[in-house]
Amino acid sequence: MRLLDQINKENDIKNIRPSDYPKLADEIRDFLLDKVCLTGGHVASNLGAVELTMALHLCMELPEDQIIFDVGHQSYTHKLLTGRKEGFDTLRQLDGMSGFPKGCESPCDAFNTGHSSTSISAALGIVTAAKLKAAADPEYEIPRVAAVIGDGSMTGGLAYEALDAAAQLKAPIVIILNDNEMSIGKNVGGFSKAMNRIRAGRSYNELKSDVENALMTIPSVGPKVAKSIKRSKDSIKNLLVPGMFFEEMGITYIGPVDGHNVQEMVDTFERAFRLKKPIIVHVKTKKGKGYIPAERHAERFHGIGPFNRLTGEPTAARYKTFTDVFAKTLLELGRENPNLVAITAAMARGTGVRAFQREWPERTFDVGIAEAHAVTFAAGLAKQGILPVVAIYSSFLQRAYDQILHDVCLQKLHVIFAMDRSGLVGEDGETHHGIYDTAYLDEMPGLTVMSPRNGAELAAMLRYAVNLEGPVAIKYPKGSAQDVPGRKVEPIEIGRSEIVYKTAAAGEGPRRIKLSELTADDGDTRADAVTGNTGGKRVTIISVGAMAGQAETAGKILEREDGFDVTVVNARFIKPIDEDMVCRASRESDLLVILEEAVQHGSYGEAVAYLLQTNGCRVPYLHLCIDQEAVQHGTVASLRKRLRLDTDSVVERIRKYMSEMK
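Owing to the predicted nature of the structure, the values given are computational and were not obtained by experimental measurement.

Some details on the overall build of the protein
- Counting its secondary structure elements, the protein contains 28 helices and 17 strands.
- Residues classed as buried in the protein amount to 56% of the 662 residues present.
- Sequence-distant contacts in the protein: of pairs separated by 6 or more residues, those separated by 24 or more amount to 76%.

Spelled out as structure tokens, the structure:
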């Protein structure tokens, strides 16, 4: 029986002989590559953490003891060792196993994670709760608690807040610093440099251990001398290991330890747990270990779709994405405007900033996993007349909410937020969907928010944003940015939408009517217009962003199969709303439909509904959006179908609503 099958059957790694640890590690890597090449997932981070996870399982009793994985993208081995081997066939698929720790999957997943720098805070809360329970119940045994955090996550400020608190509380937690010199991309900044110096300090730990062991063998004199040396260890440590940052905070530092030597880590972890105080164990690993393509291209294999295991090349067809368009346009704007700079938070490749960085490294700032700092840093640049483009994923930018509000918007600074991965992202699930961005951006004073329907419009919006005043956010999805051949982009005008499709029989449609032309007395006229002229056949669909293509397809089906007069509008601007267009649609439609890939509360559709209400516009109104707070993982297509936002569901829902109106 293969070792991995034995563990899956017995659900206990402790029955494996130490001499078989390397064989088990190889089997785990083999299994992960076989499965993840079919489903996609986080490859490099998981291959690098195989032995580390094995060692933790060998010296902990789960689920009583608890492991908190920072981010959680390195937890595949943990899932394998906790009886979820069969789940890898549905990894990251709709209703399948998540790629991140999920308590609903197993009690061994102590804390749900998805974003970085949270593990130490969570572990500190868990162990402090255990201490409170132990104080109330002398028979209660405080569990072993470990936080596994990468050196990349240590660029996030929350990690330092937690370290400070751990030292203050003298909490018995073991912090495993998984040092692979990477976050998503290559690590940057002062902490990375400090880690390089500490890595070189292993000689201190070896020297200290050798000296103490030798002295203890000398009768009578040895122990006294060893004790004396121990009292002066801080001086020696500061001399041989530059900085000793953690020790100076009051947290004992052990390491570096070989992160691919299971027995060495087990011995070290056991010693750390016995000390019952905050300990950092510095474990040195290789991201992508055991798979040459992932070792050579760790950033590309951080998160990847299905790929050919032999070559490492993606198996899905390559298409032009919104990220590609952003990268190309940013490069063009950089050549035209020497005052423009790019800022990203450890994701130069993922956001499309890499090309700009290669050409102008001095105008590119990768701040590490520090989104809040990125935004305030941009505000400082803008205050001095520099034009910063802050490229951060939608779900990550929400970590800088206060900074967007306080430091950028309240000061009316010209900062451009390029928000990739807006809307449903797919397989990474709840923590990564960009479905909350409209809600948190809409309330920002003075912020202009745009959303393009395709790549050409994204390029036009970026160019337009450069010439606007004040803060601007452009949010766009992960997927294809293919444009309709021959279709031109209408000039961008502040707060103006565009009609992307109109039934031929409808002609040119009514003239634009401004809200200022309407009075409260017009209410009955509006109501008559809605109910009388065409027998309830006129539908206006206002779509947000890349949903425009789907709205247009649905509109054509309703026209062809149901005989509806359909107008499809691309909102373009989420803020400010095109009030004239909304007013006109309310007068000239039998049904007004809003289609957007965002949560309902705080959405564009809610803003439209409020506008209609406050202006007495009475028109049947259907808001197609995400009406639940959390959306699981799965392909975007499968999630849209589940949420009834796919084309077929949109057509069906409009038909049903129209039939109920009659």
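A few points about the nonpolar core
- In terms of nonpolar packing, the biggest core is built from 56 residues, with Met54 and Phe269 touching the most fellow members.
- Of the residues forming this core, the biggest block, nine residues, is contributed by helix H2 (residues 21-39).
- Dropping the residues within four chain positions of it, Phe269 is found in contact with Leu52, Ala55, Leu56, Cys59, Ile176, Val281 and Val283.
- Counting residues in each nonpolar core, the second largest holds 49 residues, with Phe396, Ile577, Met581 and Val582 among its members.

Remarks on the sheet that holds strand S6 (residues 340-344)
- Taking strand neighbours across the sheet as the criterion, the seven strands line up as S7-S6-S8-S9-S11-S10-S15 in an open arrangement whose pairing is mixed. Of all the strands in the sheet, the pair left with one neighbour each is strand S7 (364-366) and strand S15 (573-575). Looking at each pair of strands side by side, their axes are set apart by 20° on average, direction ignored.
- Summarising the sheet, S6 and strand S8 (residues 387-391) pair through five bridges and their orientation is parallel. By the bridge assignment for S8, Ala342 is matched with Val389.

Topic: the side chain of Thr39
- The residue Thr39 is located in helix H2 in this model.
- On the basis of relative accessible area, Thr39 is assigned to the buried category, the value being 10%.
- Those residues in contact with Thr39, other than ones at most four positions away along the chain, are Phe88, Asp89, Leu91, Arg92, Gln93 and Pro306.

Section: the packing of H2 against helix H4 (residues 50-58)
- At a minimum axis distance of 10 Å, the contact between H2 and H4 shows a crossing angle of 120°. Taken together, the axes of H2 and H4 lie oblique to each other. The hand of the H2/H4 crossing is right-handed. For the pair H2 and H4, the contacting residues are Tyr21, Leu24, Ala25, Ile28 and Arg29 in the first and Val50, Glu51, Met54 and Leu58 in the second.
- Among the residues making up the contact of H2 with H4, the classes are represented as seven nonpolar, no polar and two charged.

Structural notes on the sheet that holds strand S3 (residues 174-179)
- With respect to topology, five strands assemble into an open sheet ordered S1-S2-S3-S5-S4, the strand pairing being parallel. The open sheet has two edge strands, strand S1 (66-69) and strand S4 (252-258), and neither has a second partner. For this sheet, the mean inter-axis angle between neighbouring strands, taken without regard to orientation, is 20°.
- Bridge count between S4 and strand S5 (residues 279-284): five bridges; the pairing is parallel. For Thr252, the partnering residue across the bridge sits in S5 and is Ile279.
- Where helix H6 (residues 119-136) meets the sheet, its contacts fall on S1, strand S2 (145-150) and S3, and the angle it forms with S2 comes to roughly 175°.

Brief notes about the confidence of the model for the protein
- Confidence in the prediction for the protein averages 87 pLDDT; 85% of positions are at 70 or higher.
- Across residues 199-205, confidence stays below pLDDT 50; counting only partners more than four residues off in sequence or on other chains, it has 21 contacts.
- Every residue in residues 506-534 is under pLDDT 50, and counting partners more than four places away or in other chains gives 49 contacts.

Here we look at unusual backbone geometry
- Residue Pro256 follows Gly255 across a cis peptide bond; omega there is -5°.
- Mapping Pro256 onto the fold places it in strand S4.
- Note the cis peptide between Lys575 and Pro576, where omega equals 5°.
- Here Pro576 shows up in the loop between S15 and helix H25 (579-588).
- A positive phi is found at Lys412, a non-glycine position, where the angle reads about 55°.
- Inspection of the secondary structure assignment puts Lys412 in the loop between helix H20 (401-409) and strand S9 (416-419).
- Judged by its relative accessible area of 67%, Lys412 falls in the exposed class.

A short note on the packing of aromatic side chains
- Enumeration according to the criterion identifies 12 aromatic pairs in this entry.
- Residues Tyr464 and Phe573 carry aromatic rings whose centres are separated by 6.4 Å and whose planes lie at 80° to one another, so their mutual orientation is edge-to-face. Of this pair, Tyr464 sits in helix H22 (residues 455-467) while Phe573 sits in strand S15, and the two are 109 residues apart along the sequence.
- The exposure class assigned to Phe573 is buried, which follows from its relative accessible area of 0%.
- Aromatic ring contacts, followed pair by pair, group Phe31, Tyr76 and Phe88 into a single cluster.
- The ring of Trp360 has Arg363 sitting right over it, with the charged end atom 4.5 Å from the ring centre.

Let's talk about the environment of Glu247
- By the secondary structure assignment, Glu247 is in helix H12 (residues 245-249).
- For Glu247, the side chain forms a polar contact with the main-chain nitrogen of Tyr253, separated by 2.9 Å.

Regarding the pairing of S4
- Across the seven residues that make up S4, a large majority, six, are buried.
- Between S4 and its parallel partner S5, the chain crosses via helix H13 (residues 262-275), and the hand of that crossover is right-handed.

Focus: the environment of Val390
- On the secondary structure map, Val390 appears in strand S8.
- Given the relative accessible area of 1%, Val390 is considered buried.
- For the pair Val390 and Glu371, spaced 19 residues apart in sequence, the C-alpha separation works out to 9.5 Å.
- For Val390, the residues in contact, after removing those within four places along its chain, are Ile343, Ala378, Val415, Ile416, Phe417 and Ala418.

Quick notes on the pattern of salt bridges
- A full pass over the atoms with the stated rule returns 37 salt bridges.
- Notably, a salt bridge pairs Glu105 with Arg84, separated by 2.9 Å at the nearest N-O pair. Of this pair, Glu105 sits in the loop between helix H5 (76-80) and H6 while Arg84 sits in the loop between H5 and H6, and the two are 21 residues apart along the sequence.
- The buried category is assigned to Arg84, whose relative accessible area is 8%.
- For Arg463, the salt bridge identified is with Glu336, shortest N-O distance 2.9 Å.

As for the packing of helix H18 (residues 371-383) against H20
- H20 packs onto H18 with a crossing angle of 5° between their chain directions and a minimal axis gap of 9 Å. The angle between H18 and H20 places the two elements in the roughly parallel class. Across from Ala372, Val375, Thr376 and Ala379 in H18, the residues of H20 making contact are Gln403, Ile404, Asp407 and Val408.
- Tallied by class, residues from the contact of H18 with H20 come to five nonpolar, two polar and one charged.

Things to note about the side chain of Arg640
- Mapped onto the elements, Arg640 comes out in helix H27 (residues 636-642).
- Look past the residues within four positions of Arg640 in its chain and what remains in contact with it is Leu424, Met547, Gln550, Glu597, Leu645 and Asp646.

So, how was this worked out
Residues numbered from 1 in each chain as written. Predicted model: local features only at pLDDT ≥ 70, side-chain atom pairs only at ≥ 80, totals over all residues. Heavy atoms only, no water. Helix = DSSP H or I, 4+ residues; strand = E, 2+ residues; numbered from the N terminus. Buried < 20%, exposed > 50% of the residue type's maximum accessible area, 1.4 Å probe, protein only. Contact = heavy atoms within 4.5 Å. Core = buried A, V, L, I, M, F, W, Y, C linked by side-chain atoms within 4.5 Å. Pairing = 2+ DSSP bridges. Axes fitted to C-alpha atoms, helices over the stretch in contact; angles between N-to-C directions. Parallel < 35°, antiparallel > 145°, perpendicular 65-115°, else oblique. Left-handed = near helix turned anticlockwise from the far one by under 90°. Nonpolar A, V, L, I, M, F, W, Y, C, P; charged D, E, K, R; others polar. pLDDT = per-residue confidence, 0-100. Phe/Tyr/Trp six-rings, centres within 6.5 Å; stacked < 30°, edge-to-face > 60°. Lys NZ or Arg CZ within 6 Å of the ring centre and 35° of its normal. Polar contact = N/O pair within 3.5 Å; in protein donor to acceptor, adjacent residues only side chain to side chain. Right-handed = clockwise from strand over helix to strand, strands pointing away. Salt bridge = Lys/Arg side-chain N within 4 Å of Asp/Glu carboxyl O.

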